[in-house]
Amino acid sequence: MLGTLIRKELMDHFLSLRFMVSTIIVIFIILMSVFVLKQDYVARQEAFQVTVSKGRELASQSETYFDLMFMGIRVSRPPAKMQFLYSGVEKNPDTKTVVRSFLKPSFQGDLNLNPIFPLFPVVDLLFVVSIVLSLLAFVYSYDAVCGERERGTLKLLMSYSVPRDKIILSKWIGGYVSLVIPFIISIFVIAIFIAASGNLNFQLDDWKAFGLTTLVSLLFIAVMYSVGLFVSVVAKRSNTSISILLLMWVVFVLVIPNVSPFVVDQIVKIDSVSKTQAELQAKTAEQMEDL
């Protein structure tokens, strides 16, 4: 009986318009973001190799140790392999610095960075999972139970000798599987893309990290869908359910992650960038006077 109910839920989702639209949107956004960020990773990798070569060339031109001590050694931070999937701190352009014996090194940013870019979030897998798929989880689940109650099909279903837990379980499995199908398809395509790309050079640890992030993403989607299904069970009408879920989505996905740093700053004071730079300049001046 449980298998029949699951097949019924799957067919309801597969034949719906929202499944076709969401599948196209998710696959398109994921594949396009990975392709664009991969090009950015290759460009960063080439720039890193050029920086390393120039640093070695300049270091080789020093005839004595004192020349090298005052001129410094130019170093650069290599780009992370996972940046084309999850950008993380790679949004920070500070990747280059000069190491001298009497100065504290500090990273040098790109002065030509377009100031408009930081205003927009990077569309990577983290963005797709946390924003797009979390919202789709509520779109899939908001009327799973209350929608059938409004249409009158829930009474017909409950008239059969089927336990309520099996009905809820079948709705959860059917809806969750339908929701993650486009995500899993995209992950398989990305895995093939990584294996076929010679300039990515993924090792075993990188594949483990890729698999772990995929499992965590699936768990996050499962939690969001479970919350949506719970609200659908409690709410009497579908419009009430979607209103509650949209409010929860705004609070937990948009408000809390953006407000948390300000709350932490009120609890534990964090020095500003300008104050930290002033302290570094003061210490550097003291070291220069001692020298």
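Anything mentioned here points back to the structure above.
Attention here is on the structure that accompanies the text. What you are looking at is a predicted structure, and each value in this text was computed from that prediction instead of being measured. (Residues numbered from 1 in each chain as written. Predicted model: local features only at pLDDT ≥ 70, side-chain atom pairs only at ≥ 80, totals over all residues. Heavy atoms only, no water.)

**Looking at the overall build of the chain**
Here is step 1 of the chain: Of regular secondary structure, the chain possesses 10 helices and 2 strands.
Here is step 2 of the chain: Of the regular secondary structure in the chain, the N- to C-terminal order runs α-α-α-β-β-α-α-α-α-α-α-α.
Here is step 3 of the chain: Out of the 291 residues belonging to the chain, those deemed buried represent 33%.
Here is step 4 of the chain: Across the chain, the fraction of contacts at a sequence separation of at least 24, relative to all contacts at a separation of at least 6, is 77%. (Helix = DSSP H or I, 4+ residues; strand = E, 2+ residues; numbered from the N terminus. Buried < 20%, exposed > 50% of the residue type's maximum accessible area, 1.4 Å probe, protein only. Contact = heavy atoms within 4.5 Å.)

**Here we look at the packing of aromatic side chains**
Here is step 1 of the chain: Scanning the model with the defined rule gives 6 aromatic pairs in all.
Here is step 2 of the chain: Plain terms: the ring middles of Tyr41 and Phe84 are 6.3 Å apart, the flat faces sit at 50 degrees to each other, and that makes the pair tilted. Residue Tyr41 is found in helix α2 (residues 17–60), and its partner Phe84 is found in the loop between β1 (73–76) and β2 (96–99); the two are separated by 43 residues along the sequence. Like Tyr41, the residue Phe84 is buried in the burial classification.
Here is step 3 of the chain: On the numbers, 6.1 Å between centres and 80 degrees between planes, the contact of Trp207 with Phe210 is edge-to-face. Of this pair, Trp207 and Phe210 both sit in helix α8 (residues 204–234), separated by 3 residues, roughly a single helical turn.
Here is step 4 of the chain: On the basis of relative accessibility, which here comes to 5%, the residue Phe210 falls in the buried class.
Here is step 5 of the chain: Grouped by ring-pair contacts, the aromatic residues Tyr41, Phe84, Phe202, Trp207 and Phe210 constitute a single cluster. (Phe/Tyr/Trp six-rings, centres within 6.5 Å; stacked < 30°, edge-to-face > 60°.)

**A few points about the nonpolar core**
Nonpolar side chains tend toward joint burial in soluble globular proteins.
Here is step 1 of the chain: Of all hydrophobic cores here, the largest spans 40 residues; its most connected members are Phe84, Leu85, Leu133 and Phe183.
Here is step 2 of the chain: If you list the elements that add at least two residues to this core, you get α2, α4 (125–141), α7 (164–196), α8 and α9 (238–267).
Here is step 3 of the chain: Ranked by residues supplied to this core, first place goes to α4 with 9 residues. (Core = buried A, V, L, I, M, F, W, Y, C linked by side-chain atoms within 4.5 Å.)

**Some thoughts on α7**
Side chains three or four residues apart in an α-helix point the same way, a direct result of the helix having 3.6 residues per turn.
Here is step 1 of the chain: With 33 residues, α7 extends 48 Å between its outermost C-alpha atoms, agreeing within 8% with the 48 Å of an ideal straight helix rising 1.5 Å per residue.
Here is step 2 of the chain: The sharpest bend along α7 comes to roughly 35 degrees, located at Ile181, with the proline Pro182 sitting one to four residues further on. (Expected span 1.5 Å × (residues − 1). Bend = angle between axes of the 7 residues up to and from the residue.)

**Looking at the packing of helix α1 (residues 2–14) against α7**
Here is step 1 of the chain: The N-to-C vectors of α1 and α7 enclose an angle of 40 degrees; their axes lie 8 Å apart at closest approach. Judged by the angle between their axes, α1 and α7 are oblique. As α1 packs across α7, the resulting crossing turns out to be right-handed. Two secondary-structure elements touch here, α1 through Leu2, Leu5, Ile6, Glu9, Leu10, His13 and Phe14 and α7 through Lys166, Ile167, Leu169, Ser170, Lys171, Ile173, Gly174, Gly175, Val177, Ser178 and Ile181. (Axes fitted to C-alpha atoms, helices over the stretch in contact; angles between N-to-C directions. Parallel < 35°, antiparallel > 145°, perpendicular 65-115°, else oblique. Left-handed = near helix turned anticlockwise from the far one by under 90°.)

**Examining the side chain of Ser178**
Here is step 1 of the chain: With respect to the helices and strands, the residue Ser178 is situated in helix α7.
Here is step 2 of the chain: A relative accessible area of 0% means that Ser178 is categorised as buried.
Here is step 3 of the chain: Excluding residues that lie within four positions of it along the chain, Ser178 makes contacts with Leu10, His13, Phe14, Phe19 and Tyr140.

**A word on α1**
Here is step 1 of the chain: If you check α1, its first and last C-alpha atoms are 18 Å apart, about what 13 residues at 1.5 Å a residue would give, namely 18 Å.
Here is step 2 of the chain: Those residues of α1 lying buried are Leu5, Ile6, Glu9, Leu10 and His13. Axial view of α1: buried residues confined to an arc of 135 degrees, hence all on one face.
Here is step 3 of the chain: Along its buried surface, α1 packs onto α2, α4, α5 (146–151), α6 (153–158), α7 and α8. (Arc of directions from axis to C-beta.)

**Some thoughts on unusual backbone geometry**
Here is step 1 of the chain: With a phi angle near 55 degrees, Asn201 is a residue other than glycine that sits in the positive phi range.
Here is step 2 of the chain: Of note, Asn201 is situated in the loop between α7 and α8.
Here is step 3 of the chain: On the basis of relative accessible area, Asn201 is assigned to the partly exposed category, the value being 48%.

**A word on the pattern of salt bridges**
A pair can form between side chains of opposite charge whenever their charged atoms are brought close.
Here is step 1 of the chain: Applying the stated criterion across every chain, the model contains 8 salt bridges.
Here is step 2 of the chain: Among the ionic pairs, Asp12 bridges to Lys8, the shortest N-O distance being 3.4 Å. One end of the pair, Asp12, and the other, Lys8, are both in helix α1, 4 residues apart, so they sit about a helical turn from each other.
Here is step 3 of the chain: Residue Asp12 is classed as partly exposed on the basis of its relative accessible area, which comes to 43%. (Salt bridge = Lys/Arg side-chain N within 4 Å of Asp/Glu carboxyl O.)

**Notes on the packing of α4 against α8**
Here is step 1 of the chain: At their nearest, the axes of α4 and α8 sit 8 Å apart, and the two run at 30 degrees to each other. Crossing hand, α4 versus α8: right-handed. Counted together, Val129, Ser130, Leu133, Ser134, Ala137, Phe138, Tyr140 and Ser141 of α4 and Ser217, Phe220, Ile221, Met224, Tyr225, Val227, Gly228, Leu229 and Ser232 of α8 form the full contact between these two elements.

**Structural notes on the environment of Arg237**
Here is step 1 of the chain: Along the polypeptide, Arg237 turns up in the loop between α8 and α9.
Here is step 2 of the chain: Placed 89 residues apart in sequence, Arg237 and Glu148 show a C-alpha to C-alpha distance of 9.7 Å.
Here is step 3 of the chain: When near neighbours in sequence (up to four residues on either side) are disregarded, Arg237 contacts Cys146 and Glu150.

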